[in-house]
Amino acid sequence: MAKTILEIKDLAVQYVTDEAVVEAVNHIDLSLEQGESLGLVGETGAGKTTTALSVMQLLPDVSARIVSGEIYFEGEDLIRISPAKKREYRGNKVSMIFQDPMTALNPTLSVGDQIMEVILLHNRISREEAKNRAVEMMELVGLPGERFNDYPHQFSGGMKQRVIIAIALACRPSLLIADEPTTALDVTIQAQVLHLIARLKEEEQTSLILITHDLGIVAETCQKAAIMYAGEIMEYGTVEHIFNNTAHPYTEGLFGSIPNLNRKVSRLTPIPGLAPDPAALPRGCKFAPRCRYATPACSEAEVPVYEIEPGHLVKCLRAAPEGRSGDE
Amino acid sequence: MSEILQVKNLKKYFKTSRGMLHAVDDVTFSIEEGHTLGVVGESGCGKSTLGRTIIRLQPLTSGTVIFDGISTDDRRMSRSELKAYRRNMQMIFQDPYSSLDARMSVSEIIAEPLINYGVYRSRDELWKAVFELMDTVGLARRLANSYPHELDGGRRQRIGVARALSLNPKFIVCDEPVSALDVSIQAQILNLMQDLQQERNLTYMFITHNMSVVKHISDEIIVMYLGVVVEHASADSIFEHTLHPYTKALLDAVPVAELGAKKSRSFIKGEITSPIDPKPGCRFAARCPYAADRCRSETPELRELLPGHQVACHLAEELDQST
Amino acid sequence: MAEQEIIVKKKSQFRDVLHRFLKNKAAVISLFFILLLIICAIFPEQIAPYSYSQQNYSETFISPCLAHPFGTDNYGRDILSRVIYGTRISIGIGLVAVALSCVFGIVIGAAAGFYGSTTDNIIMRIIDIMLAIPSILLMMAIVTALGNGAVNLTIAIAISSVPGYARIVRASVMTEKELEYIEAARSSGATDLKIIMRHILPNCLAPIIVQATMSIATAILSIASLSFVGLGISPPTPEWGSMLNDAQSFMRDHWFVVTFPGLMIMLTVFAFNLLGDGLRDALDPKLKT
């Protein structure tokens, strides 16, 4: 059994504005083992990025508030360690790749310097050594080392994303968080970048949290998946659980919404309605207003999480042992 | 069935500091009334420029476009000519945020084309029409006074659809209309567009980079690469009998939301360049795993290899047999 | 039913703006202050306790008291009265000059930004030349050419502040015109004029309003500078800037001779800035709560 490197317990995050309190993440539990890759799937406003930023301890100080919960990383609760320790841990043990490669690099520094900077920040080594490491990293992500002194504008989108990956991996972190790393890229480039991430994860035994809205990417890159909706994890399990034994109506709805390349359907079956306003979430199951199986019971009380098979968790009344037998 | 739009040898070049950018280079196709033509390709392949040139948001460098009996070419069009030409065509834009004027209310946005063309004489008639359009696209009437920023992406895109429908056009250029939307909302909009097409016998030119979406919605598909059409066929034929190596690469690169759907992946290496003063030869040759000497020296013509299935590749026959 | 809703709509839009404006207390107070100044500018005879030019050598440099709340100056003139009469020049010329330069600046800035290429080049080179000349020199040249007087002073100030508007408007027009909603308007048959007036300018409002409120301050100070070199308003007509200048030599011994005109300039500029911010926010539907 591999060791658990990240454990999130009962995490709840709110954003407080003048007018309203937005409940971005509502009491989620998640755990990740070393070398494992988890796909965090959901639509805009589902709380994916907030979850990631909580793990990075990069939530905006002014508006965000962690209401409850613990985030254990290698046994330490990240929420309660000192700011100096947080800095030490960010970039070194955990790194993050952001969505937009166009704005994530400093245009006035050469890419080599930017990679070197991270290495120097977390390691007591000479500039010479750091430079060698940086060139090594560039070659690892498939960039020629001669381009060390080139500036970001001399790189295309896909290559910039490679630079960002090089920066993220420069200190050999044990956890990598990728927030929609390929959304801004073309499909052929996306395939290259995803392949690169998967390969590096394999080689370095890094754990990966991949945030995406694309179930296809999850199917190809991840071992486990968590489906988020309105700040809650609706379904969690291995990709086999999620794709072959879909249990939550929301997950089902997501599958019905995407046109499939391998199958021809004349009409999609979208989820009706809209995602709820995170400042005024419904009572009970957050998905009930859009769910076609919803019963009055769904909106009455908080829905418990059921484990319908080992490791496959579903937050839906239909997954309750008696509910399933009565339904079928 | 009649062809509502014919595009002949359309070229659109832009002058840049590094040379002439061949954004759209000698593109010919036609669309039948009531059909959907999908245009796919990666960023910078000229698909958006093609759409904007057809609707004359940009003048064309050479070639002819005949729409519904009215033709346009590289000469300047007067305002009244343009108005007549565009009367029956509209556009739906990609970004439901920047494509709506933040300072106008929902009803004002939908009413704008009607006012510009002076369709209704009285205000009552105008607003009645606006409300009917809102019903058509599934926007609640109470939202008439709202501003776009108060609404979510799906609703905003419905405003865009209503605006495009307001003049009751025959033909709509849809430039990535669902790319900025969440999947569940994307499906709602795609269904809406299909319903409207059936009800009103609309013709679509559907521009997208999403292979799954284009397959879902199109009757015919054009695949573009660096300003040229590399493959043109019916949707079924393109997916079942892919001929061009670029189309194959595109299909291979799309992640499929199904376990075990993993194909043996053949990545194409490198990245798209830009078609500035292109040299003769196949524009895909630099990234093509099969490229031969001929591909680098001689420009492949678009030719019909299967009935109704055109491809621009010197090696299409050989590759077709080998797979 | 449709008709009913539409009436509601037009009204509510105006009401929205008003509602949002009224919520901003600072802007409302500023508005009242500015209205007060305007009343002073129109009816100084009725408001001011003394005449602005009435000299009294037995009463020079009287500290603020009941008879002279702001004190008197070196000629024994009542400073309060001079400040009240001064609004006529400072506010009057300031507002008119800003309005003029605003209109001209918007027109040429929008033309340059919207049409680009040659039009843009010609306009912007002229603007660059104007900016290359120090604005005080430019104003002096204009006033010297046209002759002294309030009208010519206004024209000089207006011309010298046109470049500021033109550049700001051009820059924001250039960003706005690239957005898809402009293309959408064009493909729905809107004319260039309509696109500029209906779509682009309303969306460029924020920087224009900021520039306008700032330039009122500059205008008041410009009037003062020109008066100082003898090209503006000739004494004894009071004007805040020249009051400051005249009082410079006495300011060590008599604080009130500079304090009150200075305070008026500061409060006026401040009020215009707050009003500008309030207007900008009220007119932006995105900030609707």
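Owing to the predicted nature of the structure, the values given are computational and were not obtained by experimental measurement.

Caption draft 1: Fine view of the packing of helix α3 (residues 111–122) of chain A against helix α4 (residues 127–140) of chain A. Residue and element names in this part refer to chain A. Running from N to C, α3 and α4 cross one another at 120°; their axes reach a closest spacing of 9 Å. Considering their axes alone, α3 and α4 lie oblique with respect to each other. Like other packed secondary-structure pairs, α3 and α4 cross with a definite hand, here right-handed. Here Gly112, Ile115, Met116, Ile119 and Leu120 of α3 come into contact with α4, specifically with Ala130, Lys131, Arg133, Ala134, Met137 and Met138. Partitioning the contact of α3 with α4 into residue classes produces 8 nonpolar, 1 polar and 2 charged.

Caption draft 2: View of the sheet that holds strand β1 (residues 4–16) of chain A. Residues and elements named next belong to chain A. On the basis of which strands lie adjacent, the open sheet formed by 4 strands has the order β2-β1-β4-β5 and antiparallel pairing. The open sheet has two edge strands with one neighbour each: β2 (21–33) and β5 (76–77). In this structure, β1 lies alongside strand β4 (residues 64–73), joined through 8 bridges in antiparallel fashion. Within β4, the residue paired with Ala12 across the bridge is Ser68.

Caption draft 3: Examining helix α1 (residues 48–56) of chain A more closely. Residue and element names in this part refer to chain A. Burial analysis of α1 places 8 of its 9 residues in the buried class, which makes it a mostly covered element. Looking only at α1, the buried set comprises Lys48, Thr49, Thr50, Thr51, Ala52, Ser54, Val55 and Met56. In the segment just after α1, Gln57 is the residue with positive phi, at about 55°.

Caption draft 4: Summary view of the interface of chain A and chain B. Between chain A and chain B, the residue contacts involve 37 residues of the former and 34 residues of the latter. Elements with a contribution of two residues or more to the side of chain A that touches chain B: α6 (187–204), α7 (215–221), α8 (239–244) and α9 (249–257) of chain A. For the side of chain A that touches chain B, the element with the highest residue contribution is α6 of chain A, accounting for 7 residues. By residue class, the composition of the side of chain A that touches chain B is 17 nonpolar, 14 polar and 6 charged.

Criteria and thresholds
Residues numbered from 1 in each chain as written. Chains lettered and ligands numbered in written order. Predicted model: local features only at pLDDT ≥ 70, side-chain atom pairs only at ≥ 80, totals over all residues. Axes fitted to C-alpha atoms, helices over the stretch in contact; angles between N-to-C directions. Helix = DSSP H or I, 4+ residues; strand = E, 2+ residues; numbered from the N terminus. Parallel < 35°, antiparallel > 145°, perpendicular 65-115°, else oblique. Left-handed = near helix turned anticlockwise from the far one by under 90°. Contact = placed C-beta atoms within 7 Å. Nonpolar A, V, L, I, M, F, W, Y, C, P; charged D, E, K, R; others polar. Pairing = 2+ DSSP bridges. Buried ≥ 20, exposed ≤ 12 C-beta atoms within 10 Å, placed from the backbone.

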